[in-house]
Amino acid sequence: MKSRREEAIAYFYEGYNCTQAVLLAHSDLLGVDTEQILKICQSFGGGMARLREVCGTVSAMFMIAGALTGSSDPKDTEGKKRNYAAVQKLAEDFREKNGSIICRTLLGLDGTRPDVVAASYREGSVPEPRTKEYYKKRPCPELIGDACDIIAANFPDEKTGGELSGAEV
């Protein structure tokens, strides 16, 4: 049986964006049809539609936290508190592991990652073709794996060795 980490990375190599890849690997936890997941989270790839803002893997972690700890009652202050604490913990864990939750920083497009070719970034809405070169210059598969590991650590389930219990906050 593939781990969620392996599944998510495989989805990325199939052509799904980073957000879609992480959410597809956790789709059983979301209670949402796969087609809807793919449509809803498509906009979050590339740090939100290639704006290079919050990393798509981080957005996926937050969506999973919402599905697992969120409340649909707007007056549920305790539910919001629980969810916000879970999201903040996920962000903290990701930032601790990778130095940032911002796509442009993680890709080295702000000068902080000299090992990544900043010239690979092209402004605009057209995604780059998925070629061998594309995958070579991207840390995305590792970031996808990190997001899956962080989710597993905060929300253990049958694939990660424990019961689904929610983030420790």
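Below is a short write-up of the structure. These numbers come from a predicted model, not from an experiment.

The subject of this paragraph is the environment of A153. In this structure, A153 sits in helix α9 (residues 140-154). As a C-alpha pair, A153 and D93 span 60 residues in sequence and 9.8 Å in three-dimensional space.

In the structure shown here, the tally under the stated rule is 2 aromatic pairs. Considering the side-chain rings of Y11 and Y16, the 5.9 Å spacing of their centres and the 85° angle between planes classify their relative orientation as edge-to-face. Exposure remark for Y11: the relative accessible area of 23% places this residue in the partly exposed category. Here Y16 falls in the partly exposed class, since its relative accessible area comes to 26%. On the numbers, 6.1 Å between centres and 65° between planes, the contact of F12 with Y13 is edge-to-face. Assessed through its relative accessible area of 44%, Y13 is described here as partly exposed. The ring of F12 has R130 sitting right over it, with the charged end atom 4.4 Å from the ring centre.

Calculation criteria
Residues numbered from 1 in each chain as written. Predicted model: local features only at pLDDT ≥ 70, side-chain atom pairs only at ≥ 80, totals over all residues. Heavy atoms only, no water. Helix = DSSP H or I, 4+ residues; strand = E, 2+ residues; numbered from the N terminus. Phe/Tyr/Trp six-rings, centres within 6.5 Å; stacked < 30°, edge-to-face > 60°. Buried < 20%, exposed > 50% of the residue type's maximum accessible area, 1.4 Å probe, protein only. Lys NZ or Arg CZ within 6 Å of the ring centre and 35° of its normal.

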